[in-house]
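Below, each chain spelled out in residue letters.
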Amino acid sequence: MMMQRITFVFLLHVFFLRTSQGLSAPPKISPATGLLNRFYDWKAETKIRYQVSGPPEGKPVLLVHGLFVNSDHWRKTLKELGGCGYRTYAVDLLGSGYSDKPPSISPHLCGEYARFGDAPAVLENVALGTARGETRIANVDLRHPVSSCYNFYTWSDILTDFTKQVIQPNEKVTLVCNSIGTISTLQCLIDDDDELFDGAFVVSPNFRELHSAEVPLAAIVMPILRTVQSLLRQYGKTVFDALAKPDTVKQILKEPYARTEAVDDTLVQVLLDPLLTEGSSRVVFDTLSYSAGPLPEQQLQHVQKPVWICYGKDDPWTPGPRVEALSRMPTVERVEGFDGVGHCPHDEAPELVHPLLLQFLQRIATQTPTAVSNAVPSTQ
């Protein structure tokens, strides 16, 4: 499964490289959602693209995308929640979509430096899951092996700052995430000293099979894997250039989808076009070298806000028993599996996901409301 996913990502990205002729400017209006593409100036120098739907007075919801996609992947959820009266935001995380792609070594942007400085950061004897839903003990290395700013702490900082400076909520914000976006979302809940967030709705959590704590026989395999990752960062385009063909991209995108009819021309366009921007190749190969960082079971031990989880039972990447086992975590209130659905239920089967998401938002509304009064003035 691990090598299958690596091959999927590399072939997909090489297609982007083969078709790229340079910088691709974002359209004014997203072809997937019909919404205006907006930009937030993060740390006064880095542009983060976002979209927003729904009435300004609506309860705020923030959507967090998965690996190598962007806010357009929430095309159906943006419309649904906005139409139901929720003020719904979706961002492109740093390095994704039409957001900026600065150099990997950017200490002033890197969320790891603020937390760990230059010191190692390894959690020992952490209870993690297995594909069969059992428990195992492992050490979790939290630091990106090449000290890149493209890590979950940076992305979590962006979500928090975006909430304070753009959403400026008068009430708490609910987070909704897919796949690898789960890690940044859960980190937001853990770090939520300002009480900005009231819970998370997770669509297909990702357990990061390239993480050193997830790789079998890590002491033997990781040195080899890191050597391969280093070579691919340098020569990946050349190696895979001969393998990727433009007419295969739609088929490649169908791998994580069980309901392949959802992979339409609009989806292909909105995922491909932003990856023609300068710096995309560096981000992709850098992210594939990210064999560290937090993991869901480790994070959920520290989350104190309600969490609901749904997933597709035909997901080729996420083992169902491991997802179901998350129900043992104290704040995970519900885990729901969908038959015949893959890794992206929000796009494959919105008729299943959206009613459950709306139930979660209603459940959040039953909590004692707490106003948010410490949002800082907008930088825009």
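Residues numbered from 1 in each chain as written. Predicted model: local features only at pLDDT ≥ 70, side-chain atom pairs only at ≥ 80, totals over all residues. Heavy atoms only, no water.

1. Structural notes on the overall build of the chain
Then comes step 1: Within the chain, the secondary structure is distributed over 13 helices and 10 strands.
Then comes step 2: Burial statistics for the chain: of 380 residues in total, 59% are counted as buried.
Then comes step 3: Sequence separation of at least 24 residues holds for 79% of the intrachain contacts in the chain that already meet a minimum separation of 6.
Then comes step 4: About 15,100 Å² of surface is accessible on the chain, with carbon and sulfur atoms providing 54% of the total. (Helix = DSSP H or I, 4+ residues; strand = E, 2+ residues; numbered from the N terminus. Buried < 20%, exposed > 50% of the residue type's maximum accessible area, 1.4 Å probe, protein only. Contact = heavy atoms within 4.5 Å. Areas by Shrake-Rupley, 256 points an atom, 1.4 Å probe, with all protein chains shown as cover.)

2. Remarks on unusual backbone geometry
Then comes step 1: Here Phe68, not a glycine, exhibits a phi torsion of approximately 60 degrees, which is positive.
Then comes step 2: Inspection of the secondary structure assignment puts Phe68 in the loop between strand S3 (60–64) and helix H2 (75–83).
Then comes step 3: By relative accessible area, which is 16% here, Phe68 ends up buried.
Then comes step 4: With phi around 60 degrees, Ser204 is a residue other than glycine that occupies positive phi space.

3. Regarding the packing of aromatic side chains
Then comes step 1: As enumerated under the stated definition, the model contains 8 aromatic pairs in all.
Then comes step 2: With a centroid separation of 5.3 Å and 90 degrees between ring planes, the pair formed by Phe116 and Tyr153 is classed as edge-to-face. With Phe116 in helix H3 (residues 111–116) and Tyr153 in helix H4 (residues 152–167), the pair connects residues that are 37 residues apart, well separated along the chain.
Then comes step 3: When the centroid spacing of 5.9 Å and the interplanar angle of 45 degrees are considered together, the rings of Phe201 and Phe360 count as tilted. Here Phe201, found in strand S8 (residues 197–205), pairs with Phe360, found in helix H13 (residues 350–365); they are 159 residues apart in sequence, far enough to count as distant. Just as Phe201 is buried, Phe360 falls in that class too.
Then comes step 4: Every member of this aromatic cluster is reached through a ring pair, and the members are Tyr40, Tyr50, Tyr89 and Phe162.
Then comes step 5: For Arg334, the ring lying beneath its charged end belongs to Trp308, and the centroid distance is 5.2 Å. (Phe/Tyr/Trp six-rings, centres within 6.5 Å; stacked < 30°, edge-to-face > 60°. Lys NZ or Arg CZ within 6 Å of the ring centre and 35° of its normal.)

4. Focus: the packing of H2 against H13
Then comes step 1: At their nearest, the axes of H2 and H13 sit 11 Å apart, and the two run at 45 degrees to each other. By the angle class used here, H2 and H13 are oblique. In terms of crossing hand, the pair formed by H2 and H13 is right-handed. Side by side, H2 and H13 meet where Lys76, Thr77, Glu80 and Leu81 of the first sit next to Pro350, His354, Leu357, Leu358 and Leu361 of the second.
Then comes step 2: When its residues are assigned to classes, the contact of H2 with H13 shows 5 nonpolar, 2 polar and 2 charged. (Axes fitted to C-alpha atoms, helices over the stretch in contact; angles between N-to-C directions. Parallel < 35°, antiparallel > 145°, perpendicular 65-115°, else oblique. Left-handed = near helix turned anticlockwise from the far one by under 90°. Nonpolar A, V, L, I, M, F, W, Y, C, P; charged D, E, K, R; others polar.)

5. Quick notes on H2
Then comes step 1: Here H2 has its buried residues at Arg75, Thr77, Leu78, Leu81 and Gly82.
Then comes step 2: Once H2 ends, the next one or two residues include Gly85, with phi positive near 95 degrees.

6. Observations concerning the environment of Asp347
Then comes step 1: On the secondary structure map, Asp347 appears in helix H12 (residues 345–348).
Then comes step 2: Not counting chain neighbours up to four residues away, the residues in contact with Asp347 comprise His73, Arg75, Lys76, Tyr257, Ala262 and Leu267.

7. Describing the side chain of Lys172
Then comes step 1: Structurally, the position occupied by Lys172 is in the loop between H4 and strand S7 (173–179).
Then comes step 2: On the accessibility criterion, Lys172 (15% relative accessible area) is buried.
Then comes step 3: Among the polar contacts listed, one links the side chain of Lys172 to the side chain of Glu195, at a separation of 3.0 Å. (Polar contact = N/O pair within 3.5 Å; in protein donor to acceptor, adjacent residues only side chain to side chain.)

8. Quick notes on the pattern of salt bridges
Then comes step 1: Tallied over the full model, the rule gives 22 salt bridges.
Then comes step 2: Notably, a salt bridge pairs Glu134 with Arg132, separated by 3.5 Å at the nearest N-O pair.
Then comes step 3: On the accessibility criterion, Glu134 (42% relative accessible area) is partly exposed.
Then comes step 4: The salt bridge involving Glu336 is made with Arg334; its shortest N-O contact spans 3.4 Å.
Then comes step 5: Among the residues examined, Arg334 registers a relative accessible area of 28% and is labelled partly exposed.
Then comes step 6: Residues joined in a network through salt bridges with shared partners are Arg75, Lys76, Asp264 and Asp347. (Salt bridge = Lys/Arg side-chain N within 4 Å of Asp/Glu carboxyl O.)

9. Observations concerning the state of the cysteines
Then comes step 1: For the coordinates displayed, the defined rule picks out 0 disulfides.
Then comes step 2: The thiol of Cys110 is unpaired, and the distance to the nearest cysteine sulfur, on Cys149, comes to 6.6 Å.
Then comes step 3: Free cysteine Cys188: the closest other cysteine sulfur is in Cys177, separated by 9.8 Å. (Disulfide = S-S within 2.5 Å.)

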